[in-house]
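# Examining the three-dimensional arrangement
Chain by chain, the residues:
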Amino acid sequence: MFNIGQAIDLVSDATGNKERTARLIKFFEYKEGGLGIAFFDNQTVHGEYWLGNIPISKESEAIFKNSGFSLGTKYDINFFGLQPFHADKKVLKTPAV
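This report concerns the structure included in the present document. (Residues numbered from 1 in each chain as written. Predicted model: local features only at pLDDT ≥ 70, side-chain atom pairs only at ≥ 80, totals over all residues. Heavy atoms only, no water.)

## A word on the layout of surface pockets
Cut-off, in case you're wondering: For each structure, a 1 Å grid was placed over the protein atoms alone; sets of points admitting a 1.4 Å probe that cannot get out are labelled cavities, open sets with protein on both sides within 12 Å along at least five of seven lines are labelled pockets, and lining residues have an atom within 4 Å of a point. Grid points are joined across faces, edges and corners, and a volume is the space filled by probe spheres set on the points. Note on conventions: DSSP H or I runs of at least 4 residues are helices, E runs of at least 2 residues are strands, and numbering of each starts at the N terminus.
A volume near 220 Å³ is recorded for the largest pocket. Looking at the largest pocket, it is lined by 13 residues, and the ones nearest its centre are Phe27, Ile37, Ile56, Phe69 and Phe80. With 3 residues, helix α2 (residues 58–65) is the largest single contributor of residues to the lining of the largest pocket.

Given below as structure tokens:
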């Protein structure tokens with residue numbers, strides 16, 4: 001049985017009004033070339049919610065290639081010493097990220 005807080009959370013999630021939190025990171029390659037990072041929230045009623053992508057600088061691509069991480073694998077954000085953070089596509093497009 002849901003309590004009122006869970007019910008509110010469920011409704012806000014189902015209607016798309018819930019504030020999303022970046023919890024997973026996936027490295028990928030853009031079709032045009034270059035690497036990027038995709039952010040996901042995996043604590044939603046939909047199972048998973050894609051938040052957005054940011055490109056990796058050319059200088060950082062060599063670091064990634066020597067890191068042992070795999071393209072396409074989703075990693076918990078805590079694995080990188082980061083805490084989950086509230087984000088949406090607008091937040092991810094800021095220079096601070």
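Additional details are given in the paragraphs that follow.
## Describing the nonpolar core
Put simply, the rule is: Residues belong to one nonpolar core when they are buried, are Ala, Val, Leu, Ile, Met, Phe, Trp, Tyr or Cys, and are joined through side-chain atoms within 4.5 Å. Accessible area is worked out with a 1.4 Å probe on protein chains only. A residue is then buried under 20% of its type maximum, exposed over 50%, and partly exposed in between. Whether two residues are in contact is decided by their heavy atoms, any of which lying within 4.5 Å being enough.
By size, the foremost hydrophobic cluster in this structure holds 13 residues, and its most contacted members are Ala22, Ile25, Phe27, Ile37, Phe39, Leu51 and Ile56. In terms of residue count, the dominant contributor to this core is strand β3 (residues 35–41) (3 residues). Setting aside its immediate chain neighbours within four residues, Phe27 contacts Gly36, Ile37, Ile56, Phe64, Phe69, Ser70, Leu71, Gly72, Thr73, Tyr75 and Phe80.

## Section: the environment of Lys74
What counts here: Polar contacts, as counted here, are pairs of nitrogen or oxygen atoms within 3.5 Å of one another; within protein the pair requires one atom able to donate a hydrogen and one able to accept it, and residues that are adjacent in sequence qualify only if both atoms are side-chain atoms.
Mapped onto the fold, Lys74 is located in strand β5 (residues 74–76). Each C-alpha atom of the pair Lys74 and Ala38 lies 8.9 Å from the other, and the pair is 36 residues apart in sequence. If we skip the residues at most four places from it in the chain, Lys74 touches Leu24, Ile25, Lys26, Phe40 and Glu48. For Lys74, the side chain forms a polar contact with the side chain of Glu48, separated by 2.5 Å.

## Details of the packing of aromatic side chains
Pairs of aromatic rings are described using the distance from one ring centre to the other and the angle between the two planes. Filter applied, for reference: Aromatic contacts are taken between Phe, Tyr and Trp rings whose centres are within 6.5 Å, Trp giving its six-membered ring; a plane angle under 30 degrees counts as stacked, one over 60 as edge-to-face, and the others as tilted. We call a charge positioned above a ring when the Lys NZ or Arg CZ atom is no farther than 6 Å from the ring centre and deviates by at most 35 degrees from the ring normal.
Scanning the model with the defined rule gives 12 aromatic pairs in all. Summarising the aromatic geometry, the rings of Phe27 and Phe69 are spaced 6.0 Å apart at their centres and angled 25° between planes, so their arrangement reads as stacked. Placement of Phe27 in strand β2 (residues 24–29) and of Phe69 in the loop between α2 and β5 is noted, with a sequence separation of 42 residues between them. Residue classification places Phe27 among the buried positions, given a relative accessible area of 9%. Of note, Lys74 hangs over the ring of Phe40, and the distance from its end group to the ring centre comes to 4.3 Å.

## Side note on the pairing of β2
In summary, the side chains of a regular strand alternate between the two faces of the sheet. Our working rule: The rule for pairing is simple: two strands pair if DSSP sees at least two bridges between them.
As defined by bridge partners, β2 adjoins β3 across 6 bridges and the pair is classed as antiparallel. Bridging across to β3, Phe28 finds its partner in Gly36. Counted between consecutive antiparallel strands, the loop separating β2 from β3 contains 5 residues, among which Gly33 sits at a positive phi close to 105°. Bridge analysis of β2 against β5 gives 3 bridges, and the strand direction is antiparallel. Each bridged residue has a counterpart across the sheet, and for Ile25 the counterpart in β5 is Tyr75.

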